[in-house]
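Structural description and commentary
Letter by letter, the chains look like this.
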Amino acid sequence: MGKASRDKRDIYYRKAKEEGWRARSAFKLLQIDEEFNIFEGVNRAVDLCAAPGSWSQVLSRKLYLPAKMSSEPKDDNLPLIVAIDLQPMAPIEGVIQVQGDITNARTAEVVIRHFDGCKADLVVCDGAPDVTGLHDMDEFVQSQLILAGLTIVTHVLREGGKFIAKIFRGKDTSLLYCQLKLFFSVVTFAKPKSSRNSSIEAFAVCENYSPPEGFNQKDLHRLLEKVGSPSGQEDLDCSSGWLEGPNKVYIPFLACGDLSGYDSDRSYPLSGTYQSLDPVQPPIAPPYKRALEMKKASSHGIRESEKLSLEG
Ligand code: SAM
């Protein structure tokens, strides 16, 4: 697909370049904020699965840059933002970067060390595995990323803090909702306007972190396993048994972002004078880099052999 054709087909891709965002995902976080005011009172934030960095840019523009503009030059109380991803990403002002796997305990330790005994007010996680198209499989791998995110949350988030996580809607959505409800008094599943209706993606917006009394981080997995089973019944507000039949939990999905704003599933025409912009910051080491090199090498090989056969 040509650049201009993607610009026409994907209004948020086009707007992201115009507004200097590295990815169209920035609008998802901004639209969640419009509805939930997630940045209010936030001074420390963690961005899990952050590359290429548009959510980190939002955190920097919403938290770090305004504080820097209004503070004394030597103020060391500026907002702290830590971003983690498997992939390296180009620097962003006010964002500390950690390259690592969030499912690895050592990565969690590095994040915790950056907070130096203090706790975060907000943890966001836009992690996504390489989607296979097999929904059950994709949903499962996605849930492992949320679980890793929740593990980090239980170590770094202050009581009352917020956690925003990408989820894939599927048959286990009610179970996930109940698991998150163990730790947060308010959990809402949101679908920002910039997230295509055709995509199974949505976001869990979890407010007021309040782990169960006497909670020990080591018990996280055991506790989550109990959710939705009859033996876990007495421990939960939202679960009353197997989460099936009359006990099934129905979760509303809240649309957020200006509902009369741009529709991510629609094409918008380009004006005659329209000039397509380059991406703001291409990924510096994308996982598909080797595939591109191999493709380039093989098409070069074909061209060379075509040249030889023409010459021959
Ligand atoms: N929020 C980002 C932004 O706005 O630019 C986009 C995130 S992208 C949809 C998903 C990211 O999840 C990828 O960069 C990928 O490398 C990362 N990811 C997937 N599994 C991960 C893991 N186990 N640990 C850390 N990052 C992971």
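Residues numbered from 1 in each chain as written. Predicted model: local features only at pLDDT ≥ 70, side-chain atom pairs only at ≥ 80, totals over all residues. Heavy atoms only, no water.

The next subject is the UniProt feature "binding site: S-adenosyl-L-methionine" (unreviewed entry) in the protein. Mapped onto the present numbering, the UniProt feature "binding site: S-adenosyl-L-methionine" (unreviewed entry) falls on G53, W55, D85, D101 and D126. Within the element layout of this structure, D85 appears in strand β2 (residues 80-85). Contacts of D85, omitting those with residues within four sequence positions, involve C49, A50, A51, V98, Q99 and G100. Here A51 takes part through its backbone nitrogen, which lies 2.9 Å from a polar atom of the side chain of D85. Position of D101 relative to the elements: it lies in the loop between β3 (95-99) and α5 (105-115). For D101, a relative accessible area of 31% puts it in the partly exposed group. Setting aside its immediate chain neighbours within four residues, D101 contacts L86 and T107. Separated by 2.7 Å, the side chains of D101 and T103 make a polar contact. (UniProt positions renumbered as here; feature names shortened; annotations may be inferred. Helix = DSSP H or I, 4+ residues; strand = E, 2+ residues; numbered from the N terminus. Contact = heavy atoms within 4.5 Å. Polar contact = N/O pair within 3.5 Å; in protein donor to acceptor, adjacent residues only side chain to side chain. Buried < 20%, exposed > 50% of the residue type's maximum accessible area, 1.4 Å probe, protein only.)

Before going further, it helps to examine the sheet that holds strand β6 (residues 184-192). As summarised here, the arrangement of the eight strands in space is β3-β2-β1-β4-β5-β7-β6-β8, forming an open sheet in which the pairing is mixed. Whereas interior strands pair on both sides, the edge strands pair on one side only; in this sheet they are β3 and β8 (253-256). The sheet shows a mean angle of 20 degrees between the axes of neighbouring strands, direction not considered. Most of the contacts of helix α6 (residues 135-156) go to strand β5 (residues 157-168), to which it runs at about 170 degrees, and overall it touches β1 (44-48), β4 (120-125), β5, β6 and β7 (201-209). (Pairing = 2+ DSSP bridges. Axes fitted to C-alpha atoms, helices over the stretch in contact; angles between N-to-C directions.)

Next up on the list: the pattern of salt bridges. This model, assessed by the stated rule, comprises 12 salt bridges. Between K68 and E93 there is a salt bridge whose closest N-O contact spans 2.4 Å. Taken together, the residues K68 in helix α4 (residues 54-70) and E93 in the loop between β2 and β3 connect sequence positions 25 residues apart. Judged by relative accessible area, E93 falls into the partly exposed class, the value being 41%. Residues joined by salt bridges that share partners form a network here, namely R6, D10, R24 and R196. (Salt bridge = Lys/Arg side-chain N within 4 Å of Asp/Glu carboxyl O.)

Moving on, we get to helix α7 (residues 173-181). Counting buried residues in α7 gives seven out of nine residues, a clear majority hidden from the surface. Looking only at α7, the buried set comprises T173, S174, L176, Y177, C178, Q179 and L180. Summarising the contacts, the buried residues of α7 are in contact with α6, β5, β6, β7, α8 (220-226) and β8.

Looking now at the packing of aromatic side chains. Applying the stated criterion across every chain, the model contains nine aromatic pairs. Both rings, one in W55 and one in F203, keep their centres 5.8 Å apart while their planes meet at 40 degrees; by these two values the pair is tilted. Placement of W55 in helix α4 and of F203 in strand β7 is noted, with a sequence separation of 148 residues between them. In this pair, the class of W55 matches that of F203, namely buried. Each member of the aromatic cluster is reached from another via a ring pair, and the members are Y12, F27, Y262 and Y268. The aromatic ring of Y274 is capped on one face by R14, whose charged end is 5.6 Å from the ring centroid. Here the guanidinium or amino end of R61 rests over the ring plane of W21, the centre of that ring lying 3.7 Å away. (Phe/Tyr/Trp six-rings, centres within 6.5 Å; stacked < 30°, edge-to-face > 60°. Lys NZ or Arg CZ within 6 Å of the ring centre and 35° of its normal.)

Attention now moves to the site of the ligand. Around the ligand sit 19 residues in total, of which G53, S54, D85, D101 and D126 are the nearest. The side chain of D85 places a nitrogen or oxygen atom 2.6 Å from an oxygen atom of the ligand. Backbone polar atom of L86 to a nitrogen atom of the ligand: 3.4 Å apart, as the coordinates give it. Notes on the ligand: free accessible area 600 Å², of which the protein chains cover 85%. Residue classes in the shell around the ligand are distributed as nine nonpolar, six polar and four charged. (Near = heavy atom within 4 Å. Areas by Shrake-Rupley, 256 points an atom, 1.4 Å probe, with all protein chains shown as cover. Nonpolar A, V, L, I, M, F, W, Y, C, P; charged D, E, K, R; others polar.)

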